[in-house]
Each structure stands twice: as C-alpha cells, then as structure tokens.
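Observations on the three-dimensional arrangement
Residue strings, one per chain:
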Amino acid sequence: MTPPRRREERGLVRPYVVTDGRAHPTRNTFDLVTLVMAYGDRPLGGLSPEKRKLMELCLGGALSVAEIAGHLRLPVSVTKVLLGDLVDSGHITTRSPIPSAQLPEAQLLQEVLDGLRARL
C-alpha cells in the first residue's frame, strides 16, 4: 500500500508544463511590483487553467506580479511567462507602479532655508 501523498504534492505540475517549455516571457517588462489588470470582455476559451485563474484574480482589480504568483502558488518566473502570453493575446494590461518622488538636494533645501531666514 502506498502512503498518502502530502497536500503539497497533490496537483503538482512542473513549471515547464505550465509554460509550454518556455523559460522566459515574450516581453521582459514585468517587475515584481508591476500592476496587472484584466479585461473582462475577453473570451476565456482555450486558456490554460493557470491563465484562467490569473484572469479571475485580476478581474477584481489591479494586482502586482508578486501577489499573482503568490495566489497561483507558482514561481515568479513562470507567472511572468503566463503574463506575457496574456498581454500578447489582449487579455490583460499592465502598468508600472508610480515611481516615488525624488527628494530635493540638501543644498537646495539649505538655500531655501537661508532665504527664508533672510526675509524674517
């Protein structure tokens, strides 16, 4: 009698099966914090189970690549390949996060402070 498989082992699919043997996405523009939004009017027929799940996740609102990988329980590299396919097929759109504002130079701040002190 074979021992029962652990929960993590059930349903285990090798990453190369999920990505059809590809190791890199068709486009390499995805960062961990790239935001992903799904188009709700695109047909889901013909999509793999992982791509369908990804679409379902993103229909609720924008998610980051890292969040999607966590929900799908897939490596980030595999998730990026799936995202590239879905961008190419027009199912999703992505957006880079808004970059944080750059802080002004310390010298500029000192000059403003000196100018304010001179006026007071």
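Let me begin by describing the structure that accompanies this report. Bear in mind the structure is a predicted one, so any value in this text is a computation, not a measurement.

This part is about the packing of aromatic side chains. If you walk through the whole model with that rule in mind, you get zero aromatic pairs. Arg42 extends its terminal NZ or CZ atom over the ring of Tyr39, reaching a point 4.6 Å from the ring centre.

Further remarks concern the sheet that holds strand E2 (residues 63–64). Read across the open sheet, the three strands follow the order E2-E1-E3; overall the sheet is antiparallel. Either end of the sheet is taken by a strand with one partner, and the two such strands are E2 and strand E3 (92–95). In this sheet, E2 lies alongside strand E1 (residues 35–38) in antiparallel orientation, the contact comprising two bridges. Looking across to E2, one finds that Leu35 is bridged to Ser64.

Counting residues in hydrophobic clusters, the biggest one holds 20 residues, and the most contacted among them are Val36, Leu54, Ile68, Leu83 and Ile92. Here the element with the most residues in this core is helix H4 (residues 76–88); it accounts for five residues. Non-local contacts of Ile68, meaning those with residues more than four positions away in its chain, are made with Val36, Leu54, Leu57, Cys58, Leu63, Thr79 and Leu83.

Oppositely charged side chains can form a pair if their charged atoms are brought close together. If you walk through the whole model with that rule in mind, you get two salt bridges. For Arg42, the salt bridge identified is with Asp41, shortest N-O distance 2.8 Å. The class of Arg42 is partly exposed, set by a relative accessible area of 31%. Given a relative accessible area of 60%, Asp41 falls into the exposed group. Where Asp85 meets Lys51, a salt bridge forms, and the shortest distance between an N and an O atom there is 3.1 Å. Of the two residues, Asp85 is situated in helix H4 and Lys51 in helix H2 (residues 49–59); the sequence distance between them amounts to 34 residues. Judged on exposure class, the residue Asp85 and its partner Lys51 are both buried.

Parameters at a glance
- Residues numbered from 1 in each chain as written.
- Predicted model: local features only at pLDDT ≥ 70, side-chain atom pairs only at ≥ 80, totals over all residues.
- Heavy atoms only, no water.
- Phe/Tyr/Trp six-rings, centres within 6.5 Å; stacked < 30°, edge-to-face > 60°.
- Lys NZ or Arg CZ within 6 Å of the ring centre and 35° of its normal.
- Pairing = 2+ DSSP bridges.
- Helix = DSSP H or I, 4+ residues; strand = E, 2+ residues; numbered from the N terminus.
- Core = buried A, V, L, I, M, F, W, Y, C linked by side-chain atoms within 4.5 Å.
- Buried < 20%, exposed > 50% of the residue type's maximum accessible area, 1.4 Å probe, protein only.
- Contact = heavy atoms within 4.5 Å.
- Salt bridge = Lys/Arg side-chain N within 4 Å of Asp/Glu carboxyl O.

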